[in-house]
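Understanding the architecture of this molecule
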Amino acid sequence: MRSIVIGCDNAAVNLKNVIIDFLKDKNVEVENVGCDSSEDPTYYPYIAEKVCDKIAQSGYEKRGILICGTGIGMAMTANKYPGIRAAVCHDNFAAERSILSNNGNVLCLGERIIGVELAKKIVNEWIGLEFKDGNSTPKVAAICEIEKKYLKQE
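Residues numbered from 1 in each chain as written. Predicted model: local features only at pLDDT ≥ 70, side-chain atom pairs only at ≥ 80, totals over all residues. Heavy atoms only, no water.

The helix and strand tally for the chain stands at 6 helices and 5 strands. What you see for the chain is a C-alpha radius of gyration of 15 Å, in line with the 15 Å of a compact globule of 154 residues. With the C-alpha coordinates of the chain rotated into their principal frame, the extents come out at 40 × 35 × 25 Å. The 154 residues of the chain split such that 42% are buried. (Helix = DSSP H or I, 4+ residues; strand = E, 2+ residues; numbered from the N terminus. Rg over C-alpha atoms; globule rule 2.2 N^0.38 Å. Buried < 20%, exposed > 50% of the residue type's maximum accessible area, 1.4 Å probe, protein only.)

Moving on, we get to the pattern of salt bridges. Evaluated as defined, the whole model comprises 6 salt bridges. We note a salt bridge from Glu-96 to Arg-97, for which the minimum N-O separation is 2.9 Å. Each of Glu-31, Lys-54 and Lys-62 takes part in a single network of salt bridges with overlapping partners. (Salt bridge = Lys/Arg side-chain N within 4 Å of Asp/Glu carboxyl O.)

Take the nonpolar core next. Membership of the largest hydrophobic core comes to 43 residues, with the highest contact counts inside it found for Ile-19, Leu-23, Ile-65, Leu-66, Ile-67, Leu-109 and Val-123. Mapped by element, the contributors of at least two residues to this core are β1 (4–8), α1 (13–25), α2 (44–57), β3 (63–68), α3 (72–78), α4 (92–100), β5 (106–110) and α5 (116–127). Among all residues touching Val-123, those that are not within four sequence positions of it are Ile-19, Phe-22, Leu-23, Ile-65, Leu-107 and Leu-109. (Core = buried A, V, L, I, M, F, W, Y, C linked by side-chain atoms within 4.5 Å. Contact = heavy atoms within 4.5 Å.)

Under the criterion given, the structure shown has 1 aromatic pair. Ring geometry for Tyr-43 against Tyr-46: centres 6.4 Å apart, planes inclined by 25°, an arrangement best described as stacked. Cation over ring: Arg-63 sits above Trp-126, and NZ or CZ is 5.1 Å from the ring centre. (Phe/Tyr/Trp six-rings, centres within 6.5 Å; stacked < 30°, edge-to-face > 60°. Lys NZ or Arg CZ within 6 Å of the ring centre and 35° of its normal.)

For the bond running from Gly-34 to Cys-35, omega is -15°, close enough to zero to count as cis. Turning to its location among the elements, Cys-35 is positioned in the loop between β2 (30–32) and α2. Residues other than glycine seldom take positive phi values, yet Asn-27 does so here, at roughly 60°. Structurally, the position occupied by Asn-27 is in the loop between α1 and β2.

Enumeration over the complete set of coordinates arrives at 0 disulfides. Note on Cys-8: no disulfide assigned, nearest cysteine sulfur contributed by Cys-35 at a separation of 5.5 Å. (Disulfide = S-S within 2.5 Å.)

Before going further, it helps to spend a moment on α5. Because an α-helix completes one turn every 3.6 residues, residues spaced three or four positions apart along the sequence face the same direction. In this model α5 runs 16 Å from its N-terminal to its C-terminal C-alpha over 12 residues, within 8% of the 16 Å that 1.5 Å per residue would give. Turning to α5, its buried residues number three or more, namely Ala-119, Ile-122, Val-123, Trp-126 and Ile-127. Down the axis, α5 shows its buried residues gathered within 125° of arc, on one side only. Exposed residues on α5 whose side chains face more than 90 degrees from its buried face are Glu-117 and Lys-121. (Expected span 1.5 Å × (residues − 1). Arc of directions from axis to C-beta.)

As structure tokens, then:
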């Protein structure tokens, strides 16, 4: 099983801690990059960047979980990062499709949107899936082509 890099902003510390414990109980290696306090003023884009950096440094072997109030800001930020395919998933079907149809590597959740038990079910679904070559492969390749087209060339 892959290791997971997890991060949140100060609106989602409680859910992040629950998910860390849940993953550890399943013997999943978890790397926490913060926030660790509801008083931490770090903006969510910087947490998303830390998670995405760790995923890239692993050669995209690791996956990430990002949690904020809605999951939306985290997903928007993460999807700016090359090689990241982040999805907000507030049900099991979306989590399943983020992997099987889109080869997603970052799951975004909103603490203010879903409860703890649903979040655990979604994470459990998501960590158990792997993308397989098939009908979605050319679509994921098209995502990567578009990403390369618009990446800033230095």
